[in-house]
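Structural overview
Chain residues, written in single-letter form:
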Amino acid sequence: MNLASVMKSEAALLLATYERNPVLFTRGRGVYLWDSNGKRYLDFLSGIGVNALGYGHPAIRKVLGEQAAKLIHISNLFFHEYQAELAKLLTRMAGLDRAFFCNSGTEAWEGALKLARAYAHEHSRNGHKAKWRMLALENSFHGRTFGSLATTYQKKYRAPFAPLLPGVNFVAFNDLDDLKRQFDGSVCALCLETIQGEGGINPVTPEFLQLARDVTKKHGALLIIDEIQCGLGRTGDYFAYQRYGVRPDIVTVAKPLAAGLPLGAILATETVASCMHPGLHGTTFGGGPLSCAVAIEFLKQVEELLPHIVETGDYFRAQLDQLATRHVGIREVRGMGLMLALELNSADLAKNIARRLLEEGIIINRTHETVLRFLPPYIIKKKHVDSVTSALSAALAAGSSSAPHTARKKQASARSNS
Ligand SMILES: Cc1ncc(COP(=O)(O)O)c(C=O)c1O
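No experiment lies behind these values; they were computed from the predicted model shown.

Thresholds, definitions, all that
- All residue numbers refer to positions counted from 1 along the written sequence of the respective chain.
- Given that the model is predicted, a residue must reach a pLDDT of at least 70 before its local features are reported, and side-chain atom pairs must reach 80 or more before they are shown or counted; all residues, however, enter totals for whole chains, interfaces and linings.
- Note that the side-chain values use all heavy atoms of the structure and ignore hydrogens as well as water.
- To sort residues, take the accessible area from a 1.4 Å probe on protein chains only and compare it with the maximum for the residue type: under 20% means buried, over 50% means exposed, and anything in between is partly exposed.
- Under the scheme used here, helices are H or I runs from DSSP no shorter than 4 residues and strands are E runs no shorter than 2 residues, and both carry numbers assigned from the N terminus.
- We call two strands paired when DSSP finds no fewer than two bridges between them.
- Two residues qualify as a contact provided that any one of their heavy atoms is within 4.5 Å of a heavy atom in the partner residue.
- One number per residue, pLDDT, summarises how confident the predictor is, and it ranges from 0 to 100.
- Only the stretch in contact is used when a helix axis is fitted, and all axes are lines through C-alpha atoms; the angle between N-to-C directions ranges over 0 to 180 degrees.
- By definition in this entry, angles of less than 35 degrees are roughly parallel, angles greater than 145 are roughly antiparallel, angles of 65 to 115 are roughly perpendicular, and the rest are oblique.
- Each helix crossing is assigned a hand: it is left-handed if the near helix lies turned anticlockwise from the far helix by less than a right angle, otherwise right-handed if that turn is clockwise.
- Each residue gets one label: Ala, Val, Leu, Ile, Met, Phe, Trp, Tyr, Cys and Pro are nonpolar, Asp, Glu, Lys and Arg are charged, and the others, such as Gly, are polar.
- One heavy atom suffices: a residue is near a molecule or strand as soon as one of its heavy atoms comes within 4 Å of it.
- What qualifies as a polar contact is a pair of N or O atoms within 3.5 Å, subject to a donor-acceptor requirement within protein and to the restriction that residues adjacent in sequence count only when both atoms come from side chains.
- Only the protein chains shown count as covering a residue, and every accessible area follows the Shrake-Rupley method with a 1.4 Å probe.

1. Re the pairing of strand S2 (residues 32-35)
- Both faces of S2 are covered, namely the face carrying Tyr32 and Trp34 and the face carrying Leu33 and Asp35.
- Looking at chain direction, strand S1 (residues 25-29) and S2 are connected through four bridges and run antiparallel. Bridge pairing in S2 places Gly28 opposite Leu33.
- Following S1, the chain reverses through two residues before pairing antiparallel with S2; Gly30 in that reversal takes a positive phi of roughly 60°.
- Sheet topology note: the S2/strand S3 (residues 40-43) ladder contains three bridges and is antiparallel. Looking at the pairing, Leu33 lines up with Tyr41 of S3.
- Counted between consecutive antiparallel strands, the loop separating S2 from S3 contains four residues, among which Gly38 sits at a positive phi close to 85°.

2. Examining the environment of Leu257
- Inspection of the secondary structure assignment puts Leu257 in the loop between strand S13 (250-253) and strand S14 (264-268).
- The sequence separation of Leu257 and Asn51 amounts to 206 residues, and the corresponding C-alpha distance is 9.2 Å.
- Every residue in contact with Leu257, bar those within four places of it in the chain, is listed here: Leu90, Leu232, Leu263, Gly264, Ala265, Ala295, Phe298 and Leu299.

3. Some points on the confidence of the model for the protein
- The pLDDT averaged across the protein works out to 95; a share of 95% of its residues lies at or above 70.
- Confidence drops under a pLDDT of 50 for residues 402-418, and excluding neighbours within four residues, the segment shows 18 contacts in the predicted structure.

4. As for the packing of helix H3 (residues 58-70) against helix H11 (residues 289-326)
- The geometry of H3 relative to H11 is characterised by a closest axis approach of 9 Å and an angle of 155° between their N-to-C directions. Put simply, H3 runs roughly antiparallel to H11. The hand of the H3/H11 crossing is right-handed. Mapping the contact onto sequence places Ala59, Ile60, Val63, Leu64, Gln67 and Ala68 in H3 and Pro289, Leu290, Ala293, Val294, Glu297, Phe298 and Gln301 in H11.
- Considering only residue class, the contact of H3 with H11 consists of ten nonpolar, two polar and one charged.

5. A closer look at the site of the ligand
- Close to the ligand lie Ser104, Gly105, Thr106, Phe141, His142, Gly143, Glu193, Glu198, Asp226, Ile228, Gln229 and Lys255.
- At 2.8 Å from an oxygen atom of the ligand is found a main-chain nitrogen or oxygen belonging to Gly105.
- Within the side chain of Asp226, one N or O atom sits 2.7 Å away from a nitrogen atom of the ligand.
- Against a free-state accessible area of 390 Å², the protein chains account for coverage of 82% of the ligand.
- Considered class by class, the residues forming the shell around the ligand number two nonpolar, six polar and four charged.

6. Section: the sheet that holds strand S16 (residues 339-344)
- In spatial order, the strands read S15-S16-S19-S18; together these four strands make up an open sheet with antiparallel pairing. Edge positions in the sheet fall to strand S15 (330-336) and strand S18 (365-367), since each of these pairs with one other strand and no more. Sheet twist, expressed as the average angle between the axes of neighbouring strands with direction ignored, equals 25°.
- Relative to strand S19 (residues 371-374), S16 is paired through four bridges, and the arrangement is antiparallel.

Here it is, written out as structure tokens:
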């Protein structure tokens, strides 16, 4: 199989949901991927935040091999050894009490919304009716299923599937007055990402998050925080909200949790969790022994990596700040830890830079039109940051695509030999 034949077959056989880059990856090791032509790529996207330990991590491979030989799946009608152990680790890290395991980010988010409604039915009535409205934030992204779409802001994701779940309104991002204006006794949950991912790497302000906590508490509503992209070590803390000193009622995680296997989780306080009863929620695959055993190992590795994430993230951020002083095309540097971004002053520039870096063997991503997003594996070193920032600098200086192709080829081969 080569790239051309895979592209042809996919074009004929798959739903046309993705505009893939024309690269066929065949293997990975550490922070690098290799394509079918043997070309090496430095990965600063890590499968959109999934491959946080890079590729072929020895501890993950060991657990995978051993557990796959013992037991891959049993149904949730029976016990296995790892769900409680994983729940203990996650809840301790999150400062919450109970967990539910599922298969993806959007599934965790759907479950969180259901949990909020179940809580409202038991505890939080507005007159004779359970509270049911939800507030989310402008530019939010929570996934592709119906509840997640209903709380996701951008029209392009939502419009073709209307009508969505009713009763969701969007608050202007970080706007204290708008939150106060829109919050009333009919709201059962306020939903937010501590750092918006798809929306362009936008951290909430401490004032906004504190107000979100205060108004929800005051009105008996829940604060639901989506840490699917920014959680589990990405910012150098277990969870990004811990940098703000706020305790949410419900938290969702997924992406890197099982180091590349599909696994998501809902974490909740005891009071909120007590509203779920047998039969109200469930999943066939979620929380199987293989993914849970791997996730336990992932969390152990993350614990050790946190100081490294902070140090490398600070270094990367400083390099990006430096770039911003030299290149007029950069409008803003944003993010925390190893969740960073450059907002550029044009969508074309961002597109061309991402494409040019890919040609040079560096994977980054453009989100929200003008934003270059960096979600590297937690194991990157400063020398990898240097490679990326010098490639970015050259691309920005050239106004992206105008550099002669031969010069770009020379830079790329110099990098792969270093
Ligand atoms: C913040 C956030 N929430 C939810 C999701 C949906 O996760 P999944 O694609 O695993 O369904 C994503 C995916 O990018 C995300 O970034």
